[in-house]
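Residues per chain, in single letters:
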Amino acid sequence: MELSTAWLEWLVQGAGYELMLFASVGILLIGLDDLFFDALWLGTRGGAPDAMRGTGLLPGRFAVFLPAWDEHQILSATLRRALAAWEGEDIRIYIGCYPNDAATLFAISPLVARDRRLRLVVSERDGPTTKGDNLNGLWAAMGEDERAEGFRFAAIVLHDAEDHVHPREIALYRRHLADCAMVQIPVVPIIAPGARWIGGHYGDEFAEAHGKEMVVRSRLGMPLPSAGVGCAMTRHTLALLAIDRGGEPFRCNSLTEDYEIGMLIGAYGLRARFVDCVGPEGSRIVSRGAFPGRADAAVRQKARWIAGIALAGWDHLGWPGSRLRAGGVEPGRLWMARWMLWRDRRAPLAALVLLAAYAGLLLTVFGWAGQALLGWSAIDVGEGTAMLLALNAMLLMWRLAMRSLFAARCYGWREGVRAVPRAFVANVMAILAARRAMTIYWRMLRSGEVVWDKTEHRECETASDGADAVAVVAVAR
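The sections below set out a description of the structure shown in this document.

The rules we used
Residues numbered from 1 in each chain as written. Predicted model: local features only at pLDDT ≥ 70, side-chain atom pairs only at ≥ 80, totals over all residues. Heavy atoms only, no water. Phe/Tyr/Trp six-rings, centres within 6.5 Å; stacked < 30°, edge-to-face > 60°. Helix = DSSP H or I, 4+ residues; strand = E, 2+ residues; numbered from the N terminus. Buried < 20%, exposed > 50% of the residue type's maximum accessible area, 1.4 Å probe, protein only. Core = buried A, V, L, I, M, F, W, Y, C linked by side-chain atoms within 4.5 Å. Contact = heavy atoms within 4.5 Å. Expected span 1.5 Å × (residues − 1). Pairing = 2+ DSSP bridges. Axes fitted to C-alpha atoms, helices over the stretch in contact; angles between N-to-C directions. Right-handed = clockwise from strand over helix to strand, strands pointing away. Patch = residues over 30% accessible without salt bridge, like charges linked within 9 Å, V, L, I, M, F, W, Y side chains within 5 Å. Areas by Shrake-Rupley, 256 points an atom, 1.4 Å probe, with all protein chains shown as cover. Salt bridge = Lys/Arg side-chain N within 4 Å of Asp/Glu carboxyl O. Parallel < 35°, antiparallel > 145°, perpendicular 65-115°, else oblique. Nonpolar A, V, L, I, M, F, W, Y, C, P; charged D, E, K, R; others polar.

### Observations regarding the packing of aromatic side chains
Inference 1: Counted under the stated rule, the structure contains 14 aromatic pairs.
Inference 2: Seen from their ring centres, Tyr-94 and Phe-153 are 5.9 Å apart, and the 75 degrees between their planes marks the pair as edge-to-face. You can see Tyr-94 sitting in strand β2 (residues 91–97) and its partner Phe-153 sitting in the loop between α4 (131–149) and β4 (155–158), a full 59 residues away along the chain.
Inference 3: With relative accessibility at 4%, the residue Phe-153 sits in the buried group.
Inference 4: On the numbers, 5.3 Å between centres and 90 degrees between planes, the contact of Trp-314 with Trp-319 is edge-to-face.
Inference 5: Here Trp-319 falls in the partly exposed class, since its relative accessible area comes to 36%.
Inference 6: Following the ring pairs from residue to residue traces out a cluster consisting of Phe-65, Tyr-94, Phe-151 and Phe-153.

### Considering the nonpolar core
Inference 1: Residues Phe-62, Leu-79, Ile-93, Ile-95 and Tyr-173 are the most contacted members of the largest nonpolar core, which totals 36 residues.
Inference 2: At the level of elements, β1 (62–67), α2 (75–85), β2, α3 (102–114), β4 and α5 (169–176) are the ones that each hand at least two residues to this core.
Inference 3: Apart from the residues within four sequence positions on either side, Phe-62 is in contact with Asp-90, Ile-91, Arg-92, Phe-153, Ala-154, Ala-155, Val-157, Ile-170, Tyr-173, Arg-174 and Leu-177.
Inference 4: Ranked by size, the runner-up nonpolar core spans 29 residues in total, among them Leu-135, Trp-139, Met-142 and Met-214.

### Overview of the side chain of Asp-34
Inference 1: Checked against the element boundaries, Asp-34 lands in helix α1 (residues 2–43).
Inference 2: Exposure remark for Asp-34: the relative accessible area of 10% places this residue in the buried category.

### Re helix α12 (residues 347–373)
Inference 1: The end-to-end C-alpha separation of α12 is 39 Å, in line with the 39 Å expected for 27 residues at 1.5 Å each.
Inference 2: Inspection of α12 places Ala-350, Ala-351, Val-353, Leu-354, Ala-356, Gly-360, Leu-363, Thr-364, Gly-367 and Gly-370 among the buried residues, and these make up the whole buried set.

### Notes on the sheet that holds β4
Inference 1: With respect to topology, seven strands assemble into an open sheet ordered β3-β2-β1-β4-β7-β5-β8, the strand pairing being mixed. At either end of the open sheet lies a strand with only one pairing partner, and these are β3 (118–122) and β8 (272–274). Mean inter-strand twist for the sheet, computed between neighbouring axes without regard to direction, equals 20 degrees.
Inference 2: Here three bridges tie strand β5 (residues 182–184) to strand β7 (residues 231–234), and the two strands are oriented antiparallel to one another. Paired with Val-183 across the two strands is Ala-232, which belongs to β7.
Inference 3: Contacts from helix α7 (residues 235–244) reach β4 and β7 within the one sheet, and its direction differs from that of β7 by about 75 degrees.

### What about the pairing of β1?
Inference 1: Counting buried residues along β1, six of its six residues qualify, which places the element largely inside the surrounding structure.
Inference 2: Judged by which residues are buried, β1 turns out to be covered on both faces: Phe-62, Val-64 and Leu-66 on one side and Ala-63, Phe-65 and Pro-67 on the other are all buried.
Inference 3: As defined by bridge partners, β1 adjoins β2 across six bridges and the pair is classed as parallel. Bridge assignment links Phe-62 to a residue of β2, and that residue is Ile-91.
Inference 4: Regarding topology, α2 serves as the crossover connection from β1 to the parallel β2, and that connection is right-handed.

### Overview of a nonpolar patch on the surface
Inference 1: A contiguous nonpolar surface patch, about 580 Å² in accessible area, is contributed by Phe-22, Trp-314, Trp-319, Trp-342, Leu-349 and Leu-352.
Inference 2: Here Trp-319 is to be found in the loop between α9 (295–317) and α10 (322–326).

### Focus: the side chain of Thr-256
Inference 1: You can see Thr-256 is positioned in the loop between α7 and α8 (257–267).
Inference 2: Among residues more than four places away in sequence, those in contact with Thr-256 are Arg-304, Trp-305, Gly-308 and Ile-309.

### Here's the deal with the packing of α7 against α8
Inference 1: Contact geometry of α7 with α8 gives a least axis separation of 11 Å together with a crossing angle of 95 degrees. The angle between α7 and α8 falls in the class roughly perpendicular. When α7 is examined against α8, the residues Thr-237, Leu-238 and Leu-241 are found in contact with a partner set consisting of Ile-261, Leu-264 and Ile-265.
Inference 2: Residues of the contact of α7 with α8, tallied by class, amount to five nonpolar, one polar and no charged.

### A closer look at the pattern of salt bridges
Inference 1: According to the stated counting rule, one finds 32 salt bridges in the structure shown.
Inference 2: Measuring nitrogen to oxygen at the nearest pair gives 3.7 Å for the salt bridge that ties Asp-34 to Arg-399. Residue Asp-34 is found in helix α1, and its partner Arg-399 is found in helix α13 (residues 382–411); the two are separated by 365 residues along the sequence. In this pair, the class of Asp-34 matches that of Arg-399, namely buried.
Inference 3: Here Arg-235 and Glu-146 are joined by a salt bridge, their closest N and O atoms 2.8 Å apart. Residue Arg-235 is found in helix α7, and its partner Glu-146 is found in helix α4; the two are separated by 89 residues along the sequence.

### What to know about the pairing of β7
Side chains on a regular strand alternate between the two faces of the sheet.
Inference 1: Here β7 shows no split at all, with Cys-231 and Met-233 on one side and Ala-232 and Thr-234 on the other all buried.
Inference 2: Here β4 runs beside β7; their pairing, made up of four bridges, is antiparallel. From the neighbouring strand, Val-157 faces β7, where its bridge partner is Ala-232.

The quantities given are spatial measurements derived from coordinates; they are silent on function.
Here is the structure:
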């Protein structure tokens, strides 16, 4: 009995201490990384607001690309909202569907028949293929319309089938695309009352990412990742990427073609801008949309992002080097661009550190129980380790305060308070998603195939406190 107890003591306390030490070093490095970025955000806040920029207006018709697969439950409502919001705007909405998706085709056909601003594009292949492939089909259809009608579109706007667009969105793009290649507006996840914990953590993350991360990148002139929604690019910009890729601007074998296209625009030295401003009527010009409210759906979606950005994106984009210099990035700013890219790709490492931290914490609790019940000796962590833990505790408090601040700014003080316990939910989702992302990436390498692993959406009539007047719940197939 004593031998087995000694073995258990060695396993629990020894492994717990090593995991705690590994996690503490990792948390310190990631925490300092975030702290330095927070300092950049604070240090650049005195710059001119994005809403005051723009030297003119971009004339011409805008094409709106909206890829869809199995979206019969919500697509009609989305199109009606967009057509009503953009009444009077010179736009044409291209809807990409598949011949084997009869439900979606039947759902939107009456709308397409009645409104000339809608253009249905049915793929030659059965779906789902990939979102990039769907978007390339819309690009080709737009080109056919240009040749047939004898004009050129001025810009292309990207949206998803569940988005709630803003009435002033097109006007904002016209103002800023006059002197830059791409414009991204904030994405605000809709937090449904019945999904405040799983769905709510998306709101916390986007509130901070689009309230700080994208703002700093835009102010520093760094490459901006496109969110794939609430994003507009000039036609010339997409044409340049199409020439570079043999006629198709979007990568077909990517899970995050939107992210990659934004980074490539920066690699060419073209100007991109993140614009967070308020319209004349006083509402913030953002793209609202549904995000998963169930754990399995959230894991699937975030795994797709991690696999596409941190793993496959590394293969597709590499690291900034000679190409960025050729695009006009000064050598002195090259490391800044690499640092931003590292922040995008650190998710698998951060998940490993979080897993070690939670495992170490659990084993530490077991160790305390063993000391109280079985007489195990306490581990001397040492002065250096104690200081490391204290420093990490301060960094954690700072990180939670920042998360709460941005959530409160976007959704109100109640969601700001909820953001603190929701950080644990976000960490669990990150760990599970990183594990699934590794599996997805391994399958991609072995098979060479990429499939549109998307989220299914459905409309519901709910309300949330704060800025959202309507909510959409997302569930996974």
